[in-house]
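Overview (structure and organization)
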2 protein chains.
Amino acid sequence: VSVRLHTRVTRIQPDKKTVEIEGDEQLPYDYLVVATGATPRSLEVPGKDRPGLFYMRNLSDAIRIKKFIATRKCRSAALIGAGFVSLEMCEAFNKIGISPRLFDRKNLPMTRLGGRFGKQIVEELTQHDVLYLPDSMVERFSSSSNDEIIVHTNHGAYETDLVLIGIGVVPEVSLAAAAGIKIGPTGAIAVNEHMQTNIPNIYAAGDCCESFHRVSGKSVHLPLGDIANKQGRVAGANIGGQKIAFPGIVGSNCFKLFNLEIASTGLTLREANETGFKADAVTIEGRSKPHGYPGAEKIWLQMVAEKESGRILGAHVIGKEGAVNRINIVASALTAGLRVADLAYLDLAYAPPFSGAWDPLHIAAQRFLK
Amino acid sequence: VSVRLHTRVTRIQPDKKTVEIEGDEQLPYDYLVVATGATPRSLEVPGKDRPGLFYMRNLSDAIRIKKFIATRKCRSAALIGAGFVSLEMCEAFNKIGISPRLFDRKNLPMTRLGGRFGKQIVEELTQHDVLYLPDSMVERFSSSSNDEIIVHTNHGAYETDLVLIGIGVVPEVSLAAAAGIKIGPTGAIAVNEHMQTNIPNIYAAGDCCESFHRVSGKSVHLPLGDIANKQGRVAGANIGGQKIAFPGIVGSNCFKLFNLEIASTGLTLREANETGFKADAVTIEGRSKPHGYPGAEKIWLQMVAEKESGRILGAHVIGKEGAVNRINIVASALTAGLRVADLAYLDLAYAPPFSGAWDPLHIAAQRFLK
């Protein structure tokens, strides 16, 4: 099989089984994989094309930002949006001596996870010299007399050397849509479990396409690197003749923010109820290791489950250590459809350097059963 | 409900519903919980009652050992046996400046997990000034002229200030057996899922009783603290009127040895085949974090699964970090009866500070599917 990777495709012609390269060359294919990814959502305000405004999507973006910081000797940065990218970039800026300001349209970061989690994220940011500005709408950008950027918001104007905009991504589906490939309700390419689009010899994988969410039973657009990797493997295997299925996702994700781990999987209580479950949640404060063991850190865990059946629907955890571990155990439980009662007595590997005999997961599940 | 805790029971009389305290007082009960634990297996060799020989089972043992070390100004220790207790005690001795010698009857520690794992344990011991002596049978103890202990083995005699014997434990079932409580084939008290013995108002919990192993389908004796905790809770709940079941165990365990994490769950390949499964295993070398990420450490993972169905049967992991986390994900998978194909695409929370997009668990499962 000859495989070609093209980044300059300007048209897909399913009826002719060809793609057009840079508006010119016609290239035939037997199978086509659309892996066009996602592009940053652009901030449509006056001054948006000013130099010094960046989006962070790929390696070239990172190199351009580093170069700009070095040439202009940047000392300050404004981050617009408070998602994964912006929060992770706070740490990156902090490490090179830039104290960023973070402009969030909402009143707390990660509102999806609830106020308790959002407040701890703000606390962590503040402890690391990040100025968090809630309820901030950016209205326009302008230049100061000394060539700095002025960020004009509903709460006043701020001078900065560099602006990084991280307000989400949109699936890049223009080529696919123009070719008649079906786009799902999320705006991303609709695929079946073999990563096949509505056109049988055209597959899609990665940030441009949807995933089946095993907990909600719905197609979602979750542009995450590990999902893209798995989808690509499944698409390739099917084209190669192996009839394997991508079993879908459960919505696991995590990120590190300075000394905090923040991780979640499945549905939040609100999402669960909106999906049609009759769900309940418990929140506990636990410890990563037994009380009194050196290095034991507090962790907060919220667990969501269906009231009647006890089926686990999701969880999120925040803490200085051990958050991601716990979420991955729940991810496995969600994949299998385990109930809270299963988790309440789950046989986890126990030794004091790693957890208590009753892990925070056990404690949350036991609390739920009461 | 009035609950009494007795450690001086000398006889259980199920027909009279009483226990005898120190051969004298008769105490009536409605329900009885036998929680007699386990006792260290004693090393039956000449000189075994010499001062300076210790077993480590509870807090009093630890206090007595510390006192002995302080009064005698111990500089050396001999550890007999290479199980969890001995290996963990190596670190404890090392921390107070005592370089222990470890006498193992076998040719590698943790033989259950195979040679690769055993060799890494020996390497870790050696790097921390623990002298590992394989194939060593202790024949007797004697005293030197300067009141040191001499450990006589098949490979010669060794002088030491203190001896710690850790050659396993046996369930303490003498009271139970004398009362006609059924003892299972493992030598521990047989219980049903409510932790009830063959005598309906007598329950048992902890290291004195058996557990149902969900993977092998057999009753096993696994004297571990977290299992004891869970069993106690189930016994208490049932006596209190809640009809809850202990769902059993999957055989998860872990320990820390200096900078190594060693963890396992389920069955090894040999155990699986002996149980009657037609099993296969894959072993991979992976990394705790993506290649190139600061602090990424090598980890070795062996995964065991049924050949035909792909049902996961067990795993063990060794490495400087991330071993326990992976085992707990597999523990959850074992509880649910997941297959290798489920694990191969399991939606774990991914971010480079915590793991690669393809986690070692994914890689092992993908390898198994080939």
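Calculation rules
- Residues numbered from 1 in each chain as written.
- Chains lettered and ligands numbered in written order.
- Predicted model: local features only at pLDDT ≥ 70, side-chain atom pairs only at ≥ 80, totals over all residues.
- Heavy atoms only, no water.
- Contact = heavy atoms within 4.5 Å.
- Buried area = accessible area lost by both parts, 1.4 Å probe.
- Salt bridge = Lys/Arg side-chain N within 4 Å of Asp/Glu carboxyl O.
- Polar contact = N/O pair within 3.5 Å; in protein donor to acceptor, adjacent residues only side chain to side chain.
- Helix = DSSP H or I, 4+ residues; strand = E, 2+ residues; numbered from the N terminus.
- Nonpolar A, V, L, I, M, F, W, Y, C, P; charged D, E, K, R; others polar.
- Pairing = 2+ DSSP bridges.
- Axes fitted to C-alpha atoms, helices over the stretch in contact; angles between N-to-C directions.
- Buried < 20%, exposed > 50% of the residue type's maximum accessible area, 1.4 Å probe, protein only.
- Phe/Tyr/Trp six-rings, centres within 6.5 Å; stacked < 30°, edge-to-face > 60°.
- Lys NZ or Arg CZ within 6 Å of the ring centre and 35° of its normal.
- Least-squares fit on C-alpha atoms with pLDDT ≥ 70 in both.

**Considering the interface of chain B and chain A**
With 44 residues of chain B in contact, the opposing surface of chain A contributes 44 residues. Roughly 4000 Å² is buried in total at the junction of chain B and chain A, and carbon and sulfur atoms are behind 64% of that figure. Of all residues in chain B, Tyr345, Asp347 and Phe354 of chain B give up the largest surface area on contact with chain A, accounting jointly for 19% of the area buried on that side. The interface formed by chain B and chain A holds zero salt bridges in total. Summed over the shared surface of chain B and chain A, the result is 20 residue pairs in polar contact (both at pLDDT 80 or more). Those elements that provide at least two residues to the side of chain B that touches chain A are helix 5 (225-239), strand 18 (253-257), helix 7 (323-336) and helix 9 (360-369) of chain B. When residues of the side of chain B that touches chain A are assigned to their parent elements, the largest contribution, 10 residues, is made by helix 7 of chain B. Taken together, the residues of the side of chain B that touches chain A break down into 26 nonpolar, 11 polar and seven charged.

**Focus: the sheet that holds strand 10 (residues 138-143) of chain A**
Residues and elements named next belong to chain A. Taken in spatial order, the three strands line up as 10-11-12 in an open sheet, and their pairing is antiparallel. Two strands in the sheet have a free side with no partner beyond their single neighbour: strand 10 and strand 12 (156-160). Across the sheet, the axes of successive neighbouring strands diverge by a mean angle of 25°, strand direction being ignored. Inspection of the sheet shows strand 11 (residues 149-153) paired to strand 12 by five bridges, in the antiparallel sense. Across the sheet, His152 pairs through a bridge with Ala157, a residue of strand 12.

**Here's the deal with helix 9 of chain B**
Across the 10 residues of helix 9 of chain B, seven count as buried, placing the element largely inside the fold. Residues of helix 9 of chain B that are buried: Pro360, Leu361, His362, Ala364, Ala365, Gln366 and Phe368 of chain B. Contacts made by the buried residues of helix 9 of chain B are with helix 5 (225-239) of chain A together with strand 20 (279-287), strand 21 (298-306), helix 7 and helix 8 (340-344) of chain B. For helix 9 of chain B, the N-terminal cap is Asp359 of chain B; the gap from its side-chain oxygen to the backbone nitrogen of Leu361 of chain B is 3.0 Å.

**Points about the packing of aromatic side chains**
Within the structure shown, the criterion is met by 12 aromatic pairs over all chains. Note on Phe246 of chain A and Tyr345 of chain B: the rings are 6.3 Å apart at their centroids and 90° apart in plane angle, and the pair reads as edge-to-face. A residue pair is termed interchain when its members come from two chains, as with Phe246 of chain A in the loop between helix 5 and strand 18 (253-257) and Tyr345 of chain B in the loop between helix 8 and helix 9. Judged by relative accessible area, Tyr345 of chain B falls into the buried class, the value being 6%. Plain terms: the ring middles of Phe54 of chain B and Phe68 of chain B are 5.2 Å apart, the flat faces sit at 65° to each other, and that makes the pair edge-to-face. Note that Phe54 of chain B is positioned in strand 6 (residues 53-55) and Phe68 of chain B in helix 1 (residues 59-72), a separation of 14 residues in sequence. In this pair, the class of Phe54 of chain B matches that of Phe68 of chain B, namely buried. Here the aromatic residues Phe246 of chain A together with Tyr345 and Trp358 of chain B are joined through ring pairs into a cluster of three or more. A cation over an aromatic ring shows up here: Arg233 of chain A above the ring of Trp358 of chain B, its NZ or CZ 5.3 Å from the ring centre.

**What about unusual backbone geometry?**
Residues other than glycine predominantly adopt negative phi, and peptide bonds predominantly adopt the trans conformation. Of note in this structure, Asp135 of chain A is not a glycine but carries a positive phi near 50°. By the element assignment, Asp135 of chain A lies in the loop between strand 9 (131-133) and strand 10. Its identity is not glycine, yet Asp147 of chain B carries a phi of approximately 65°, on the positive side. Mapped onto the elements, Asp147 of chain B comes out in the loop between strand 10 (138-143) and strand 11 (149-153). Judged by relative accessible area, Asp147 of chain B falls into the partly exposed class, the value being 46%.

**Remarks on the relation of the copies chain B and chain A**
Screw-axis analysis of chain B against chain A gives a translation of 0.0 Å along the axis, an RMSD of 0.0 Å, and a rotation angle of 180°. Taken together, the rotation angle and the small translation identify this as a two-fold axis. Scanning chain B for the C-alpha nearest the rotation axis identifies Ile329 of chain B, at a separation of 2.4 Å. By residue overlap, the copies meet face to face through one surface: 100% of the interface positions of chain B are interface positions in chain A.

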